[in-house]
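Okay, here's what each chain looks like letter by letter:
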Amino acid sequence: MRVKAEDRKFMRMALSLAARGRGMTHPNPMVGAVLVKDGRLLAKAYHKGPYTPHAEAEAIEKAGESARGADLYVTLEPCNHHGRTPPCTEAIINAGIRRVVMACRDPNPHVKGGGAERLREAGIMVEEGLLEAESRMLNEAYEKLVTSGKPLVLVKVAATADGRVATRTGASRWITGDEARKEAHRMRRDSDAVMVGRGTVEEDDPELTVRLVPLGRARPPLRVVVDSRLSIPEQRRLAKGGEPRVLVAATPGHDAGKRERLRTRGVEVLEVPEKGGRVDLEELLRILGGMGVARLMVEGGPTLVGSFLEEGLADRLALFVAPKVFGDAEARTWAEGRSVFDPGEALNLRWRRARRVGRDLLLEAEIGRR
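Here's a quick rundown of the structure. The structure displayed is predicted, hence computed values, not measured ones.

Here is what the cut-offs are and how they apply
- Residues numbered from 1 in each chain as written.
- Predicted model: local features only at pLDDT ≥ 70, side-chain atom pairs only at ≥ 80, totals over all residues.
- Heavy atoms only, no water.
- Helix = DSSP H or I, 4+ residues; strand = E, 2+ residues; numbered from the N terminus.
- Rg over C-alpha atoms; globule rule 2.2 N^0.38 Å.
- Buried < 20%, exposed > 50% of the residue type's maximum accessible area, 1.4 Å probe, protein only.
- Contact = heavy atoms within 4.5 Å.
- Areas by Shrake-Rupley, 256 points an atom, 1.4 Å probe, with all protein chains shown as cover.
- Lys, Arg positive; Asp, Glu negative; His and termini not counted.
- Charge placed at Lys NZ, Arg CZ, Asp CG, Glu CD.
- Salt bridge = Lys/Arg side-chain N within 4 Å of Asp/Glu carboxyl O.
- Pairing = 2+ DSSP bridges.
- Axes fitted to C-alpha atoms, helices over the stretch in contact; angles between N-to-C directions.
- 1 Å grid on protein atoms, 1.4 Å probe; cavity = no way out; pocket = protein on both sides within 12 Å on 5 of 7 lines; lining within 4 Å.
- Points joined across faces, edges and corners; volume = space filled by probe spheres on them.
- Nonpolar A, V, L, I, M, F, W, Y, C, P; charged D, E, K, R; others polar.

## Details of the overall build of the chain
In terms of regular secondary structure, the chain is built from 11 helices and 18 strands. Its C-alpha atoms give the chain a radius of gyration of 23 Å, near enough to 21 Å, the size a compact globule of 370 residues would have. Overall, the chain is about 70 × 45 × 40 Å in size when its C-alpha atoms are taken along their principal axes. Sorting the 370 residues of the chain into buried and exposed places 53% on the buried side. Considering only intrachain contacts with a sequence separation of at least 6, the fraction spanning at least 24 residues in the chain is 70%. Summing over all exposed atoms, the chain offers an accessible surface of approximately 17300 Å²; the carbon and sulfur share of this is 48%. Across the chain, the 63 positively charged side chains and the 53 negatively charged ones have centroids separated by 4 Å.

Shown next as structure tokens:
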């Protein structure tokens, strides 16, 4: 079927609207909706987060009676179940919408296809698949969460051109420039949680807050520390709690007194099963997914990053490359812990985009499975 230029135009408008919800909607998807009649825009809306109206319902309410006989362009299949809000399918049917053009079906296996089927049963024309790839990419974290119960994991690294993240003494500030650091804070803002390991806390004493860019209406991400033996120094900033919330993931059976001291400061200690003497990272991801974390940004050092890569738990890579060379064999590389004796054993990346960010390069990739 040939796609009309007008349909493509309005779906692109809906996708642009949906993207405005970035950092606000998780664990819900980002959704945009546009109502059109006789080629004229009636109303538009996007989902702004849990407990707020869905995009379709808000657009219909804005259009009022003029919505009867209109076409609705929506980036995701309208819901057909009662949750925090009523089903969007009922709002669409009651409004007398003539045609619904949706980019893709809801990937949630419990609801997939139900909305489209209900609309067709009501005599509404439903067209699917327009700009589907763009819609799925926009909601890749939501799709990962509803199909696996685990968040999409983005590993962020700042390294020299020869792959070093710190000197042999551990010094790492600042390898990249101001613009790269701002971009990293944008990534934090768009995430539900930011994670580091105990070593990073001890060496760098990070805050893990969004500071260099406006937070806007986005929710500040949870701050997560992987600390298998609960040995985090209590004078470090993350051990002092505060907002946003701090979670420390440790294996069971460590220092009950320290656990209580952290609790009184507002730091929650998560007991996670042990795997190989350390926190079971896959189980930790399931716990975070159960808490509604759809997008996790890992900013840890080489040990934590190496563990995520080795266990096949990382989905995306954001590699900032600075125009610097340490040239020191004892300086730390950004992924450690693996031994590769043949190129065929390498972990594969699929490049998605490369761009300049100030004086640095940002290489974005999907992380393959061996």
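## Let's talk about the pattern of salt bridges
When their charged atoms lie close together, side chains carrying opposite charge are able to pair. Inspection of the entire model under this criterion finds 42 salt bridges. One salt bridge in this structure joins Arg 259 and Glu 271, with 3.3 Å as the shortest N-O distance. Highlighted residues: Arg 259 in helix α9 (residues 256-264) and Glu 271 in strand β11 (residues 267-271), separated in sequence by 12 residues. The salt bridge involving Lys 275 is made with Glu 311; its shortest N-O contact spans 3.9 Å. Placement of Lys 275 in strand β12 (residues 274-275) and of Glu 311 in the loop between α11 (302-310) and β15 (316-321) is noted, with a sequence separation of 36 residues between them.

## Section: the sheet that holds strand β3 (residues 71-74)
Reading across the sheet, the 5 strands line up as β2-β1-β3-β4-β5 and stay open at both edges, with mixed pairing between neighbours. Unpaired on one side and paired on the other, β2 (40-46) and β5 (125-128) mark the two borders of the sheet. Strand-to-strand twist across the sheet, computed as the mean angle between neighbouring axes with direction ignored, equals 15 degrees. Where strand β4 (residues 99-102) lies against β5, 4 bridges are found, and the strand directions are parallel. If you follow Met 102 over to β5, its bridge partner there is Glu 128. Across the sheet, helix α1 (residues 5-18) is in contact with β1 (32-37), β2, β3, β4 and β5; its angle to β1 comes to roughly 145 degrees. Across the face of the sheet, helix α2 (residues 55-63) comes into contact with β1, β2 and β3 while running at roughly 140 degrees to β2.

## Considering the sheet that holds strand β18 (residues 360-367)
Strand order across the open sheet formed by 9 strands is β11-β10-β9-β8-β14-β6-β15-β18-β17, with mixed pairing between neighbours. At either end of the open sheet lies a strand with only one pairing partner, and these are β11 and β17 (349-357). Adjacent strand axes in the sheet meet at a mean angle of 20 degrees, parallel and antiparallel pairs treated alike. The sheet contacts of helix α10 (residues 281-290) involve β6 (152-159), β8 (193-197), β9 (222-226), β10 (246-250), β11 and β14 (295-298), and relative to β9 the element is tilted by about 160 degrees.

## Concerning the layout of surface pockets
Estimates place the volume of the second largest pocket at around 680 Å³. What lines the second largest pocket is a set of 24 residues, among which Arg 22, Glu 140, Arg 295, Arg 353 and Glu 364 lie closest to the centre. Top contributing element to the lining of the second largest pocket by residue count: helix α7 (residues 178-189), with 4 residues. Residues of the lining of the second largest pocket, tallied by class, amount to 9 nonpolar, 2 polar and 13 charged.

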